[in-house]
Structures are given as structure tokens and as C-alpha cells.
Amino acid sequence: FVESLAREKLLVERTADITLPQGRKTALAGFSVVDGESFARLPDAVVIEWHRKGWLALVYAHLASLACFTDLLAD
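Summary of the structure given here.

Analysis parameters
Residues numbered from 1 in each chain as written. Predicted model: local features only at pLDDT ≥ 70, side-chain atom pairs only at ≥ 80, totals over all residues. Heavy atoms only, no water. Helix = DSSP H or I, 4+ residues; strand = E, 2+ residues; numbered from the N terminus. Rg over C-alpha atoms; globule rule 2.2 N^0.38 Å. Contact = heavy atoms within 4.5 Å. Areas by Shrake-Rupley, 256 points an atom, 1.4 Å probe, with all protein chains shown as cover. Lys, Arg positive; Asp, Glu negative; His and termini not counted. Charge placed at Lys NZ, Arg CZ, Asp CG, Glu CD. Phe/Tyr/Trp six-rings, centres within 6.5 Å; stacked < 30°, edge-to-face > 60°. Buried < 20%, exposed > 50% of the residue type's maximum accessible area, 1.4 Å probe, protein only. Axes fitted to C-alpha atoms, helices over the stretch in contact; angles between N-to-C directions. Parallel < 35°, antiparallel > 145°, perpendicular 65-115°, else oblique.

## Some points on the overall build of the chain
Thinking step 1. On a plain count of helices and strands, the chain comes out with five helices and two strands.
Thinking step 2. Secondary structure of the chain in N-to-C order comes out as α-β-β-α-α-α-α.
Thinking step 3. Relative to a compact globule of 75 residues, whose C-alpha radius of gyration would be 11 Å, the chain shows 15 Å and is clearly more extended.
Thinking step 4. Each principal axis of the C-alpha distribution contributes one length, and for the chain these read about 50 × 20 × 20 Å.
Thinking step 5. Contacts in the chain between residues at least 24 apart in sequence constitute 44% of all its contacts with a sequence separation of at least 6.
Thinking step 6. Per element, the accessible surface of the chain, about 5600 Å² overall, is 55% carbon and sulfur.
Thinking step 7. Looking at charge distribution, the chain has the averaged site of its 8 positive side-chain charges lying 3 Å from that of its 10 negative ones.

Following this line, the structure appears as C-alpha cells:
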């Protein structure tokens, strides 16, 4: 699955700068996420293949999780 994400050039590296409630700062680095815009431009044949493999649900769950990322850091 991850090899297919990379092959389709959907993975982008990200860094998250975080300020904890006590004011301490930290960073998360070295992780990749699926680029939603690139995902939306996948060719139909890839979308059909991924649907049959059950991978579309994984990508959509990942994108939904990313949308809630800042909520994890809320007070």
C-alpha cells in the first residue's frame, strides 16, 4: 500500500511545530502524509484498483485524521 502511495507521488513530508500547554515547544519531524489534492487527481484506473483492494477507505481515514490533527494539541 505504501509503495503504491509513493509510486503515485502522493506522500509529502511534514513537520509539526508544537507548543504544549505548559509553554514548552517541541517538533515532530520525519513523517509523511497523503496530499489530498494529488489524491483527488488519481487516474480512474488507479481509483478502481484501490477501491477493489480496500485502500480508498484507508486513504480517506488518513485524510480525516489529518483534518483533526490540531484538535490533538488543544488544551
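## Here we look at the packing of aromatic side chains
Thinking step 1. Taken as a whole and judged by the stated rule, the model has four aromatic pairs.
Thinking step 2. For the ring pair Phe1 and Trp55, a centre distance of 5.3 Å and an interplane angle of 65 degrees mean the geometry is edge-to-face. With Phe1 in the segment before helix H1 (2–7) and Trp55 in helix H4 (residues 55–67), this pair connects stretches of sequence that are 54 residues apart.
Thinking step 3. These aromatic residues form a ring-pair network of at least three members: Phe1, Trp50 and Trp55.

## Looking at the side chain of Ser4
Thinking step 1. You can see Ser4 is positioned in helix H1.
Thinking step 2. The exposure class of Ser4 is buried, given its relative accessible area of 6%.
Thinking step 3. Once residues within four sequence positions are removed from consideration, Ser4 is found in contact with Trp50 and Trp55.

## Describing the packing of helix H3 (residues 44–53) against H4
Thinking step 1. Viewed as axis vectors pointing N to C, H3 and H4 meet at an angle of 95 degrees, and their least axial separation amounts to 5 Å. The orientation of H3 with respect to H4, classified from their angle, is roughly perpendicular. Of the residues in H4, those touching H3 at Val47, Trp50, His51 and Lys53 are Trp55, Leu56 and Val59.

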